[in-house]
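Descriptive analysis of the structure
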Amino acid sequence: SLLLFMQAKITIFIWAPQYITQHFEVAASVGGTFMSNIFTAALIGSIAGTWLVAHINVRYLVFAFVGLSLVSATLLTRLDSVQDVLLLAFAYGLSVSATFNAYVAFALTQVAFPTHRNIAYMLLMSSLGSSFAPLVSSQVVAATGDMAWALNSAVLMLVVVVVTLAIVQLLSWQGRSRASLAP
């Protein structure tokens, strides 16, 4: 799930500025503004995310961040106004702000006795997802000839992420209910 989340995130970082420039026929600086808006919101979200992790169940935080990321990525290729896309960048920036940290905290709650190996595995999945993004997304663009397909592939990855997180949560609830029924 983390691998696919990171792959989708980096895919959007790579292709959204170029897509915006080409689709809306605007200067390259507008794509730069899009990225600036993402990172501004991500900074604010990281600070807020630190506080949120201490005050709400991390499961809700992960689902909220991933859900917002999915909605934002879906809207990216569907909006008709460059101004709306620039505003959307703030929502997307919030969605990626503290997601990795929330993912690690959420994953560690799924393990009875977390160790350094669990964190190393999370770091590996994050790195692999970030590394695969340029390769996979450029293959999508080369095959289709359209940057929108790369962005839409990120949406599909995020759908799989949501489904995977839901399955993990259901399995976790089943495991807890079995444990509470055991004598």
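The following refers to the structure shown. As a convention, each chain's residues are numbered from 1 in the sequence order in which they are written. In keeping with the model being predicted, local features are shown solely for residues with a pLDDT of at least 70 and side-chain atom pairs are shown and tallied solely at 80 or more, while totals for entire chains, interfaces and linings include all residues. Only heavy atoms go into the side-chain values, all of them from the structure, while hydrogens and water stay out.

**Overview of the overall build of the protein**
Cut-off, in case you're wondering: Working definition: helices are DSSP H or I runs of at least four residues, strands are E runs of at least two. Numbering for both runs from the N terminus. For a compact globule the rule gives 2.2 Å times the number of residues to the power 0.38, and the radius of gyration it is set against comes from C-alpha atoms. Buried, partly exposed and exposed residues are distinguished by accessible area as a fraction of the type maximum, computed with a 1.4 Å probe on protein chains only: under 20%, between the cut-offs, and over 50%, respectively. Note on contacts: a residue pair qualifies if any of its non-hydrogen atoms lie within 4.5 Å across the two residues. Using a 1.4 Å probe, the Shrake-Rupley method yields the accessible areas, and only the shown protein chains count as cover for residues. Charge counting follows a simple rule: Lys and Arg are positive, Asp and Glu are negative, and His as well as the terminal groups are ignored. Throughout, a charge is located at the NZ atom of Lys, the CZ atom of Arg, the CG atom of Asp or the CD atom of Glu.
Within the protein, the secondary structure is distributed over 7 helices and 0 strands. Element order for the protein, N to C, with α for helix and β for strand: α-α-α-α-α-α-α. The globule rule puts the C-alpha radius of gyration for 183 residues at 16 Å, and the 18 Å found for the protein is close to it. Taken along the three principal axes of its C-alpha coordinates, the protein extends 65 × 35 × 25 Å. The 183 residues of the protein split such that 41% are buried. Considering only intrachain contacts with a sequence separation of at least 6, the fraction spanning at least 24 residues in the protein is 80%. Accessible surface for the protein amounts to roughly 9,500 Å². Of this, 70% is attributable to carbon and sulfur atoms. The distance from the centre of the 6 positive side-chain charges to the centre of the 4 negative ones in the protein is 34 Å.

**Notes on the packing of helix 1 (residues 2-24) against helix 4 (residues 82-97)**
We count it as follows: Lines fitted to the C-alpha atoms define the axes, with helices restricted to the stretch that makes contact. Angles between their N-to-C directions range from 0 to 180 degrees. Any angle from 65 to 115 degrees is called roughly perpendicular, while one under 35 is roughly parallel, one over 145 is roughly antiparallel, and all others are oblique. Take the far helix as your reference; a near helix turned counterclockwise from it by less than a right angle gives a left-handed crossing, and one turned clockwise gives a right-handed crossing. Put simply, Ala, Val, Leu, Ile, Met, Phe, Trp, Tyr, Cys and Pro go in the nonpolar bin, Asp, Glu, Lys and Arg in the charged bin, and everything else, Gly too, in the polar bin.
Their axes nearest at 12 Å, the elements helix 1 and helix 4 cross at an angle of 170°. Between helix 1 and helix 4, the angle is such that the two are roughly antiparallel. As for the relative orientation of helix 1 and helix 4, their crossing is left-handed in sense. Note on element contacts: helix 4 touches helix 1 through Val82, Val85, Tyr92, Ser95 and Val96, opposite Phe5, Ala8, Lys9, Ile12, Phe13, Ile20 and Phe24. Classifying every residue of the contact of helix 1 with helix 4 gives 10 nonpolar, 1 polar and 1 charged.

**Description of the nonpolar core**
The test is simple: Residue types Ala, Val, Leu, Ile, Met, Phe, Trp, Tyr and Cys, when buried and joined through side-chain atoms within 4.5 Å, form a set referred to as a nonpolar core.
If you look at the biggest cluster of nonpolar residues, it comprises 51 residues, and the most contacted ones within it are Phe5, Ile12, Phe34, Leu76 and Tyr103. No other element matches the 13 residues that helix 1 contributes to this core. In contact with Ile12, other than residues within four places in its own chain, are Pro17, Ala73, Leu76, Tyr92, Leu151 and Ala154.

**What to know about the packing of helix 3 (residues 58-76) against helix 5 (residues 99-109)**
One way to put it is that helix 3 packs onto helix 5 with a least axis distance of 9 Å and a crossing angle of 140°. One element, helix 3, and the other, helix 5, form an angle in the oblique class. In this structure, the crossing between helix 3 and helix 5 has a hand that is left-handed. Between helix 3 and helix 5, the residues in contact are Val58, Arg59, Leu61, Val62, Phe65 and Val66 and Thr99, Ala102, Tyr103, Ala105, Phe106 and Thr109, respectively.

**Remarks on helix 2 (residues 28-55)**
Since one α-helical turn is 3.6 residues long, residues separated by three or four positions face the same way. Convention followed: Expected span of a helix, by definition, is 1.5 Å for each gap between consecutive residues, and there is one gap fewer than residues. Two axes enter the definition of the bend at a residue: one is fitted to the seven residues ending there, the other to the seven starting there, and the bend is the angle between them.
The terminal C-alpha atoms of helix 2 lie 40 Å apart, and with 28 residues this matches the ideal 40 Å at 1.5 Å per residue to within 8%. Along helix 2, the sharpest kink reaches roughly 25°, centred on Gly49.

**Points about the side chain of Ser95**
Secondary-structure assignment places Ser95 in helix 4. Leave out the neighbours within four places in its chain, and Ser95 touches Phe5, Phe65, Leu68 and Ser69.

**Observations regarding unusual backbone geometry**
At Glu25, a residue that is not glycine, the phi angle is positive and equals roughly 50°. Here Glu25 shows up in the loop between helix 1 and helix 2.

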